Amino acid sequence: VQQGRLDEAEPYFRESFDIHVELLGPRNRIVGIDHVQLANLDRERGRLSEAVGHYLEGLSIHQETYGPTHRRTLSVARSLGQTLESLDRFVEAERYLDLVVGGQAESGPASSNDVRDLLALARVQNRNGRRQAAEGHLAAAEAWLAANPDEALGEEAQALRAQLN
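The residue numbers shown here count from 1 along each chain, following its written sequence. Given that the model is predicted, a residue must reach a pLDDT of at least 70 before its local features are reported, and side-chain atom pairs must reach 80 or more before they are shown or counted; all residues, however, enter totals for whole chains, interfaces and linings. Side-chain measures here rest on the full set of heavy atoms in the structure, leaving out hydrogens and waters.

Participant: Now, about the side chain of threonine 83: what can you tell me, with residues and values included?
Facilitator: Strands are runs of DSSP state E lasting at least two residues, helices are runs of H or I lasting at least four, and both sets are numbered from the N terminus onward. Tracing the backbone through its elements, the reader meets threonine 83 in helix H4 (residues 71-86). Two N or O atoms count as a polar contact when they lie within 3.5 Å, although within protein this holds only if one can serve as hydrogen donor and the other as acceptor, and sequence-adjacent residues are included solely when both atoms are side-chain atoms. There is a polar contact of 2.8 Å between the side chain of threonine 83 and the backbone oxygen of serine 79. Residue contacts follow a heavy-atom distance rule, with two residues in contact if any of their heavy atoms lie within 4.5 Å. For threonine 83, the contacting residues outside a window of four places in its chain are Arg43, Leu48, Ala51, Val52 and Tyr55.

Listed below in structure tokens is the structure:
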């Protein structure tokens, strides 16, 4: 997969998934990881709708296994939200991106990844007509960026601010 040979790798991923389901059961944490790997493969190959199904199953298993705020669970929720946004399914995307942002520390964003999550959530909230919610998340991102300049994120925040104004 890392070498970009997705056509060759896919059958092995699917065979591994089938074996794990048979040996470990459909709700095992390894099967959850397999769902996420298959979702990533589907997303990479442009099969976004198929990816959503695997992300949903993987997320459900991760929530059961690790809990709703574990970093692995939030990572799957992030990927699911981004994929739904790519499909213009903004209401659903907001739900999952909100889970990710809700898992951040109450003190606000602690890293550039947290700011990316805030900007993604604000972007889909804006698309959903929830301007006030988008403003709040954008303001939190802008406050972090004022203290921790990042050119690419700053440009993304500025573009979103222009859409909201």
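Participant: I'd like a rundown of the nonpolar core, residues and numbers included.
Facilitator: The term nonpolar core refers to a set of buried residues drawn from Ala, Val, Leu, Ile, Met, Phe, Trp, Tyr and Cys, joined through side-chain atoms within 4.5 Å. Each residue's exposure class comes from its accessible area (1.4 Å probe, protein chains only) as a fraction of the maximum for that residue type: buried when under 20%, exposed when over 50%, partly exposed otherwise. Of all hydrophobic cores here, the largest spans 32 residues; its most connected members are Tyr55, Leu80, Val115, Leu119 and Leu138. For this core, the secondary-structure elements that each account for two or more residues are helix H2 (29-44), helix H3 (48-66), H4, helix H5 (90-102), helix H6 (112-127), helix H7 (131-147) and helix H8 (151-164). Of all the elements, H6 adds the most residues to this core, at seven residues. Contacts of valine 115, omitting those with residues within four sequence positions, involve Pro109, Ala141, Trp144, Leu145 and Leu153.

Participant: How would you explain the packing of H3 against H4 if you had to name every residue and give the values?
Facilitator: Each pair of packed helices can be described by the angle between their axes along with the distance between the axes. Running from N to C, H3 and H4 cross one another at 160°; their axes reach a closest spacing of 9 Å. Comparing the axis directions of H3 and H4 gives the class roughly antiparallel. Handedness of the H3/H4 crossing: left-handed. Residues Leu48, Ala51, Val52, Tyr55, Leu56, Gly58, Leu59, His62, Gln63 and Tyr66 of H3 pack against Arg72, Thr73, Val76, Ala77, Ser79, Leu80, Thr83, Leu84 and Ser86 of H4. Think of it as three bins: nonpolar holds Ala, Val, Leu, Ile, Met, Phe, Trp, Tyr, Cys and Pro, charged holds Asp, Glu, Lys and Arg, and polar takes everything else, Gly as well. A class-by-class count of the residues in the contact of H3 with H4 yields 11 nonpolar, seven polar and one charged. Note on method: axes are straight lines fitted to C-alpha atoms, helices fitted across the in-contact stretch only, with angles between N-to-C directions ranging 0 to 180 degrees. When describing relative orientation, an angle under 35 degrees is termed roughly parallel and one over 145 degrees roughly antiparallel, while 65 to 115 degrees is termed roughly perpendicular and anything else oblique. Crossings are classed by handedness, with left-handed meaning an anticlockwise turn of the near helix from the far one by less than a right angle and right-handed meaning a clockwise turn.

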